[in-house]
Amino acid sequence: MDKIDGKMFRNMILSGAENLRQHAEYVDSLNVFPVPDGDTGTNMNLSMTSGANEVEGREDAHIGTVGKHFSKGLLMGARGNSGVILSQLFRGFSKAIEEREDIDVEDFSAAFDAGVKTAYKAVMKPVEGTILTVAKDSAERAREAAGNETSIISIMEAVIEEAEASLERTPDLLPVLKEVGVVDSGGQGLVYVYKGFLSALKGEAVETTAKPAGMDTFVNDAHEFDEFMSAEDIEYGFCTEFMVRLEGDKREFDEDAFRQDMSEFGDSLLVISDDEIAKVHVHTETPGEAMTYGSTYGELIKMKIENMREQFREIKEKKDASAGGKQEKQSYDTAIITVSSGAGINELFRSIGATHIINGGQTMNPSTEDILRTIEGEDVKQVIILPNNKNIIMAAEQARDMLEIPAVVIPTRSIPEGLSSLLVYSPDEALEQVKEAMEASLEHVRTGQVTYAVRDTKIDGIEIKKNQHMGIKDGKITGADDSREATLKQLMESMLDEESEIVTVLIGEEGDAEEVDRIISSIEPEYDEVEFEVHDGQQPVYSYLLSVE
């Protein structure tokens, strides 16, 4: 095969997406930190699926046309840093072939190279030992092979050979990968995409037709709300889904008993299991407690939490705005879009000026399209976006670039940073001045988190056992302990110094206000100049979120 056209490229895309989907769980498991948010595989899968959906029903023979649609779907569906980088790789790839009816080995190898250049430009500080390195090394191999080969299949085989070799070298470039004993998760995801491409070229493409929901998929619950209800009428506000990899050294699993126990957490319960996996869907007020119970049977491998009250409010606002065409659309001089997680945190953001809230974070990164859709159909003059998670910043930046009005992204990496930056927002200042002031505020914020470990590991010299509580300060694990209270105390003390002025604690679903009070009482005498603020954040996953300013 010396050339490929649009129809073959479409098959390659669908096969690559399907191969990634089948291995997304494994890619998730390569997360370096043992926290319940290893989502690289999930993000890449959702991003690639969005691109595949754009081309699935098309029969174009023009490869440039197929590439254009694929790139658009990827761009809009991109989630997390890995998904955004994947979208940029194929944005450059597709741009390089947009005028072509079909392509040969030279065009094919040049497109890989163009994709790498586009992706590197999109990342402010490229890090080697990641998906970027795997893409770069394999693209270089493609250019070399194109000088000696005329077969597209041979080029693709060379790309995969080098991609796998580069992937194995990633621990040598990123010491933390070597310490934990894994390869880069994003690079692994890219290898699965490339292998899917090769299968299609060889006529061995995996089945890509729609599949019924099985043990590897969530329920995709479409929540239906009564027209006359209010958000307060929703008794159990969080649609919670997770999967448990059943382990022999844990509690013996009995589906009936498990279902009975899970029913205590809420309603709309669905439990499906086989010999290896239990899948749970439940509407509850305490998703963290439900997942903690599930973890007593084994490792949590996938999680998704949706705030149904917030979904209801958004749906109602849209309906009110469009009812009979009589309602005027919402108008904002400045729309402030913030990503948030937890009803209490949502209210905090609203109270200090956020106009639009996207429910997301560690367990579900919003896509570029999710961010754009937030202000769709509204009269907005300018936009400020607070991603509040380092893995959402790139998707926010893509959304900013696609808007046709002035927009800025404040690179907030956590909820506390988002809150702190919004406190200095001044509606009377020009947008660039606002951006400078909000970004400057981030220099004075230290962030801490308390969560639990989903597996045994050793990182930065710290031994961590599964289900222990972990303290994380500015992205670094500071300690692990069986006691949540001891973990919080150690973390708070490590964050305080003589220049500290304000400590803010956001209590999560699994947190305990009495624990916080005891700790503050014990350390307050030493820091009598420090002001302590405590709020009920109600966030999942993290028992406590801290900021010190």
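Residues numbered from 1 in each chain as written. Predicted model: local features only at pLDDT ≥ 70, side-chain atom pairs only at ≥ 80, totals over all residues. Heavy atoms only, no water.

### Examining the overall build of the protein chain
Then comes step 1: Looking only at helices and strands, one finds 19 helices and 18 strands in the protein chain.
Then comes step 2: In the protein chain, which comprises 549 residues, the share counted as buried stands at 55%.
Then comes step 3: In the protein chain, the share of contacts with a sequence separation of at least 24, taken over all contacts with a separation of at least 6, comes to 73%. (Helix = DSSP H or I, 4+ residues; strand = E, 2+ residues; numbered from the N terminus. Buried < 20%, exposed > 50% of the residue type's maximum accessible area, 1.4 Å probe, protein only. Contact = heavy atoms within 4.5 Å.)

### A short note on the sheet that holds strand β7 (residues 331–340)
Hydrogen bonds along the backbone pair up the strands of a sheet, which may run parallel or antiparallel.
Then comes step 1: Within the open sheet, the 4 strands sit side by side as β8-β7-β9-β10. Their pairing is parallel. Across the chains shown, the open sheet's two edge strands, defined by having one partner strand only, are β8 (356–359) and β10 (407–409). Between one strand axis and the next, the sheet turns by 20° as a mean value, whatever way the strands run.
Then comes step 2: Taken together, the 7 bridges between β7 and strand β9 (residues 379–386) define a ladder with parallel strand orientation. When the sheet's bridge partners are listed, Y332 is paired in β9 with V380.
Then comes step 3: Here helix α13 (residues 343–351) sits on the sheet and contacts β7 and β8; the angle it forms with β7, its principal contact strand, is near 155°.
Then comes step 4: Contacts between helix α15 (residues 393–402) and the sheet are confined to β9 and β10, with β10 contributing the most and set at about 170° to the helix. (Pairing = 2+ DSSP bridges. Axes fitted to C-alpha atoms, helices over the stretch in contact; angles between N-to-C directions.)

### Side note on the sheet that holds strand β17 (residues 531–536)
Then comes step 1: With mixed pairing, 6 strands are arranged side by side in an open sheet as β15-β14-β11-β18-β16-β17. The two strands at the open ends of the sheet, each matched to only one other strand, are β15 (476–481) and β17. Here the average twist between neighbouring strands, direction ignored, is 15°.
Then comes step 2: Both strand β16 (residues 502–507) and strand β18 (residues 544–548) contribute to a ladder of 5 bridges, which runs antiparallel. Across the sheet, L506 pairs through a bridge with L545, a residue of β18.

### Concerning the side chain of S441
Then comes step 1: Along the chain, S441 turns up in helix α17 (residues 431–441).
Then comes step 2: When residues no more than four places from it in sequence are discounted, the contact partners of S441 are S420, S421 and V424.

### Focus on the environment of R91
Then comes step 1: The residue R91 is located in helix α4 (residues 80–97) in this model.
Then comes step 2: Overall, R91 belongs to the partly exposed group, its relative accessible area being 43%.
Then comes step 3: Sequence-wise, R91 and L74 are 17 residues apart; in three dimensions their C-alpha atoms are separated by 8.2 Å.
Then comes step 4: If near-sequence neighbours (up to four positions away) are discounted, R91 is found in contact with S71 and T118.

### Thoughts on the pairing of strand β5 (residues 277–284)
Then comes step 1: Among the 8 residues of β5, 8 are classified as buried, and the element is accordingly described as predominantly covered.
Then comes step 2: Burial along β5 is two-sided: I277, K279, H281 and H283 facing one way and A278, V280, V282 and T284 facing the other are all buried.
Then comes step 3: Taken together, the 8 bridges between strand β3 (residues 238–246) and β5 define a ladder with antiparallel strand orientation. Bridged to C239 within β5 is H283.
Then comes step 4: With 6 bridges joining them, strand β4 (residues 266–273) and β5 adopt antiparallel strand pairing. Bridging from a neighbouring strand, L270 pairs with H281 of β5.
Then comes step 5: Here β4 hands over to β5 after 3 residues, the two strands then running antiparallel side by side.

### What about the environment of L86?
Then comes step 1: Looking at the secondary structure, you find L86 in helix α4.
Then comes step 2: You can call L86 buried: its relative accessible area is 0%.
Then comes step 3: Beyond its immediate stretch of four places on either side in the chain, L86 contacts M44, M48, L74 and L190.

### Notes on the packing of helix α5 (residues 105–122) against helix α6 (residues 131–146)
Then comes step 1: Contact geometry of α5 with α6 gives a least axis separation of 9 Å together with a crossing angle of 155°. Taken together, the axis directions place α5 and α6 in an arrangement best described as roughly antiparallel. For the pair α5 and α6, the sense of crossing is left-handed. Residues V105, E106, S109, A110, F112, D113, V116, A119 and Y120 of α5 pack against L132, T133, A135, K136, A139, A142, R143 and A146 of α6.
Then comes step 2: Here the contact of α5 with α6 is built from residues that sort into 11 nonpolar, 2 polar and 4 charged. (Parallel < 35°, antiparallel > 145°, perpendicular 65-115°, else oblique. Left-handed = near helix turned anticlockwise from the far one by under 90°. Nonpolar A, V, L, I, M, F, W, Y, C, P; charged D, E, K, R; others polar.)

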